[in-house]
2 protein chains.
Amino acid sequence: MKKYVFGIDVGGTSVKIGLFMTDGTLKEMWEIPTRTEDSGNRILEDIWETISAKMEQIDINSKEIEGLGMGIPGPVLEDGTVQGCVNLGWNTFNIEKKMQNLTGIKTKAGNDANVAALGEMWQGGGKGTKNIVMVTLGTGVGGGVILDGKILSGRNGAAGEIGHLPMNEEETEPCGCGKCGCLEQYASATGVVRLAKRFLEDQTEKSLLSEVDILNAKTVLDAARQGDPVALKTLDKAAGYLGKGLANIACVLNPDAFVIGGGMAKSGEILLNAIRKYFRIYTFPVSKETEFYLAELGNQAGIYGSAKLVMDP
Amino acid sequence: MKKYVFGIDVGGTSVKIGLFMTDGTLKEMWEIPTRTEDSGNRILEDIWETISAKMEQIDINSKEIEGLGMGIPGPVLEDGTVQGCVNLGWNTFNIEKKMQNLTGIKTKAGNDANVAALGEMWQGGGKGTKNIVMVTLGTGVGGGVILDGKILSGRNGAAGEIGHLPMNEEETEPCGCGKCGCLEQYASATGVVRLAKRFLEDQTEKSLLSEVDILNAKTVLDAARQGDPVALKTLDKAAGYLGKGLANIACVLNPDAFVIGGGMAKSGEILLNAIRKYFRIYTFPVSKETEFYLAELGNQAGIYGSAKLVMDP
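What counts as what
- Here, residues in each chain are numbered from 1, in the same order as that chain's written sequence.
- Ligands are numbered from 1 and chains lettered from A, in the order in which they are written.
- Local features in this predicted model are restricted to residues of pLDDT 70 or higher, and side-chain atom pairs are both shown and tallied only at a pLDDT of 80 or more, whereas totals for entire chains, interfaces and linings draw on every residue.
- As a convention, hydrogens and water are excluded, and side-chain values are obtained from all of the structure's heavy atoms.
- The salt bridge criterion pairs a side-chain nitrogen of Lys or Arg with a carboxyl oxygen of Asp or Glu, the two atoms within 4 Å.
- Relative accessibility under 20% of the residue-type maximum defines a buried residue, over 50% an exposed one, and the middle range a partly exposed one, all with a 1.4 Å probe and only protein chains included.
- Put simply, DSSP marks the helices as runs of H or I at least four residues long and the strands as runs of E at least two long, and each gets a number from the N terminus on.
- Any two residues whose heavy atoms approach within 4.5 Å at even a single point are treated as in contact.
- Once two parts are put together, the accessible area they lose, assessed with a 1.4 Å probe and summed over both, is termed the buried area.
- Classification convention: Asp, Glu, Lys, Arg as charged; Ala, Val, Leu, Ile, Met, Phe, Trp, Tyr, Cys, Pro as nonpolar; all other residues, Gly among them, as polar.
- Least-squares superposition aligns the copies on the C-alpha atoms of those residues with pLDDT at or above 70 in both.
- DSSP calls a pair of strands paired once it identifies at least 2 bridges connecting them.
- Each axis is a line fitted through C-alpha atoms, taken for helices only over the stretch in contact, and angles between the N-to-C directions span 0 to 180 degrees.
- The span you would expect from a helix comes to 1.5 Å times its residue count less one.
- With its strands directed away from the observer, a crossover is right-handed exactly when the path from the first strand over the helix to the second travels clockwise.
- Points on a 1 Å grid, built from protein atoms alone, make a cavity when a 1.4 Å probe fits but cannot get out and make a pocket when they are open with protein on both sides within 12 Å along at least 5 of 7 lines; residues with an atom within 4 Å of a point are the lining residues.
- Grid points are joined across faces, edges and corners, and a volume is the space filled by probe spheres set on the points.

## Points about the pattern of salt bridges
By the definition in use, this model includes 32 salt bridges over all chains. Between Arg280 of chain A and Glu289 of chain A there is a salt bridge whose closest N-O contact spans 3.8 Å. Overall, Glu289 of chain A belongs to the exposed group, its relative accessible area being 51%. For the salt bridge of Arg198 of chain B with Glu171 of chain B, the shortest nitrogen-to-oxygen distance reads 3.1 Å. In this pair, Arg198 of chain B is assigned in helix 5 (residues 189-202) and Glu171 of chain B in the loop between strand 10 (150-151) and helix 4 (184-187), connecting sequence segments 27 residues apart. On the basis of relative accessibility, which here comes to 6%, the residue Glu171 of chain B falls in the buried class. Through salt bridges with shared partners, one network takes in Glu171, Glu173, Arg194 and Arg198 of chain A.

Structure, rendered in structure tokens:
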């Protein structure tokens, strides 16, 4: 194994780049803007330009670099084919071959949610385990499945799409995916606000949530911590769907642990306890002791996981 | 690779043994009774005795045998530890080490449902694919997950327990596992009869099912094929739960295919079509084209899969 490795997290607004020692130590991290104009044709060149400049600045050469790992906001097949990436303006092409041709350095790419899961397994909340499911509770509900230390991609690169577990047949509002009743409609930050609004309408008691300036997942979870009845009802409902969704997953995968990340995970134990309560009701008995960990790498999970991806055989 | 391999399917009543060429051709198959008395202590010796006799009879020696693969009706850990096996009287022990010591031949063991899934992937309904979920619709609902051509066992050997996917929060009758509302309570042969009885009670129209001598899954599915309204309603309900359960799995694994086996699968396309209809409603859009195949090996899936298990690196 060589001395250095780069982890590159390509987002719709900015590209995060991490220079790691191959033992997992993050040496430096910086960002550049993502130039999505012209079908995103400049993105890979921009990345190579900033990495080359960094290598010159700190005086390391290509022979000391194990590889370039990349996380992409869209599906990536095993062979490195990106299947279109709306946020970046990309169509279908093999990003690994293109980047290798450009840089002369081994490149490996994966879906950003999957790569973040790999990062959390390597150096984050799942450190020490090899079989985890990462659940990211942000604007949507993202997921990544790591089995035997490796990303599970699936036939169409759509493994780990746990935000779209079918949870509620009676839902009439559509999810972004076109179905109705997906987990994401209740357990994402957006979903929690939607639930809170519904409960507020039906509520006769006083609630802190009627008085907040901005009703968002953070204000709901903060109010829950203060014992507000509407907030607690909202948390219980969201956690009910999440616990049941993760119980479904445990019946299929029987993983070592779930790692919970994303903005909502900042509320910590109150959220984990609520999820665990329902998980235990719904899961197969021997899976009841599956661990629940909080993610630890925040928005650096992508660069960690990308670096790990290209280091794996 | 040597010339021969044995696949051994250990059941509570009988042990099925298959002698295969390592190219997948089944040369001979036979059964011996399972002697469960005395904590099942005789079972492995009985198996070795009949295999030795066969080897002598057809004049092959240990050096020509790639290995002994075994399917066990209970959880088996990666290292070969059987974690108790009620049907056989077994406690916890390492079956691979014990069998290797007894025979001098490399042995590999797996859970019987998982091994059957591996067999179907190798030479049955899933031939040509590497990522399948096998669903066995028998007295219960069993499952096996094969990823990249290998069995997924899970932390406690409980991966693929898809009969216990939580499907119905309103169920009040308990499942065998202690929970209420598991997939198995609706989609197994037993579950289908339970549903049919419920619908028969509520039904005012005439139904063929009021007149059958024995109400079982076969009579229900036969009546459905003849257009009987209660039977069709039962099939639709069972397939609704199954389709939704498999949609859950597809969101997590995005497999190449589902392989449907067990007694109920004998009803063929009428069952697959009903499952597929609900699967497409509930699954993540890109997974809609996941293939559905009927299992092809019947009760020989276990010997095929066991043989394959010990041949894998």
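## Examining the interface of chain A and chain B
Taken together, the contact between chain A and chain B spans 40 residues of the former and 39 residues of the latter. For the pair chain A and chain B, the summed buried surface comes to about 3,200 Å²; carbon and sulfur atoms form 58% of the total. For the chain A face of the interface with chain B, the top three residues by lost area are Arg155, Pro166 and Val252 of chain A, together amounting to 21%. Between Glu169 of chain A and Lys244 of chain B there is a salt bridge, with its nearest N and O atoms 3.1 Å apart. Mapped by element, the contributors of at least two residues to the side of chain A that touches chain B are strand 9 (141-147), helix 7 (229-253) and helix 8 (269-282) of chain A. The element best represented in the side of chain A that touches chain B is helix 7 of chain A, accounting for 8 residues. Looking at the side of chain A that touches chain B residue by residue, the class counts come to 22 nonpolar, 10 polar and 8 charged.

## A short note on the relation of the copies chain A and chain B
Screw-axis analysis of chain A against chain B gives a translation of 0.0 Å along the axis, an RMSD of 0.0 Å, and a rotation angle of 180°. Accordingly, the operation relating the two chain copies is best matched by a two-fold axis. Of all interface residues in chain A, 98% are interface residues in chain B too; the two copies therefore contact each other through one and the same surface.

## Details of the sheet that holds strand 4 (residues 65-72) of chain A
All names here are of chain A. Sheet architecture is open: 5 strands sit in the order 3-2-1-4-7, paired in mixed fashion. The sheet is open, and its two edges are formed by strand 3 (26-33) and strand 7 (107-111), each paired on a single side. Put simply, the sheet's adjacent strands are angled 15° from each other on average, direction ignored. With 5 bridges joining them, strand 1 (residues 4-10) and strand 4 adopt parallel strand pairing.

## A short note on the pairing of strand 9 of chain A
Residues and elements named next belong to chain A. Counted residue by residue, strand 9 has 6 buried out of 7 residues, so it is predominantly covered. As defined by bridge partners, strand 8 (residues 132-137) adjoins strand 9 across 6 bridges and the pair is classed as antiparallel. Residue pairing in the sheet places Ile132 in a bridge with Ile146 of strand 9. Pairing analysis gives 2 bridges linking strand 9 to strand 10 (residues 150-151), with the strands arranged antiparallel. The residue of strand 10 that forms the bridge with Leu147 is Lys150. Between strand 9 and strand 10, which follow one another and run antiparallel, lie 2 residues, and Asp148 among them has a positive phi close to 50°.

## Some remarks on the sheet that holds strand 1 (residues 4-10) of chain B
Residues and elements named next belong to chain B. Reading across the sheet, the 5 strands line up as 3-2-1-4-7 and stay open at both edges, with mixed pairing between neighbours. Looking at the sheet topology across the chains shown, the edges are occupied by strand 3 (26-33) and strand 7 (107-111). Each strand of the sheet is rotated relative to its neighbour by a mean of 20°, with strand direction disregarded. Note: strand 4 (residues 65-72) against strand 7, 5 bridges, orientation parallel. When the bridges of strand 7 are listed, Ile72 appears paired with Asn111. Across the sheet, helix 3 (residues 112-123) is in contact with strand 1, strand 4 and strand 7; its angle to strand 7 comes to roughly 105°. Running at roughly 130° to strand 1, helix 9 (residues 301-311) makes contact with strand 1, strand 2 (14-21), strand 3, strand 4 and strand 7 of the sheet.

## Observations concerning helix 5 of chain B
Residues and elements named next belong to chain B. Across its 14 residues, helix 5 extends 21 Å between first and last C-alpha, which sits within 8% of the 20 Å expected from 1.5 Å per residue. Residues of helix 5 that are buried include every one of Gly191, Val192, Val193, Arg194, Leu195, Ala196 and Phe199, and no others. Close packing links the buried residues of helix 5 with helix 4, helix 6 (217-225) and helix 7 (229-253).

## Let's talk about the pairing of strand 11 (residues 257-261) of chain B
Residues and elements named next belong to chain B. Counting buried positions over the 5 residues of strand 11 gives 5, a clear majority of the element. Where burial is concerned, the two faces of strand 11 agree: the one with Ala257, Val259 and Gly261 and the one with Phe258 and Ile260 are both buried. Where strand 8 (residues 132-137) meets strand 11, 5 bridges bridge the pair, whose relative direction is parallel. Bridging across to strand 11, Val133 finds its partner in Phe258. Summarising the sheet, strand 11 and strand 12 (residues 291-294) pair through 4 bridges and their orientation is parallel. Bridging from a neighbouring strand, Ala257 pairs with Glu291 of strand 12. With helix 8 (residues 269-282) bridging strand 11 and the parallel strand 12, this β-α-β connection has right-handed handedness.

## Considerations on empty space enclosed by the protein
Gaps left between atoms are located by rolling a probe of water-molecule size over the structure's atoms. Residues and elements named next belong to chain A. Applying the stated rule across the entire model yields 1 cavity of 30 Å³ or more. In this structure, the largest cavity occupies an estimated 50 Å³ of space. Among the secondary structure elements, those contributing two or more residues to the lining of the largest cavity are helix 6 (217-225) and helix 7. It is helix 7 that provides the largest number of residues to the lining of the largest cavity, a total of 5 residues. Residue composition of the lining of the largest cavity, grouped by class: 9 nonpolar, 1 polar and no charged.

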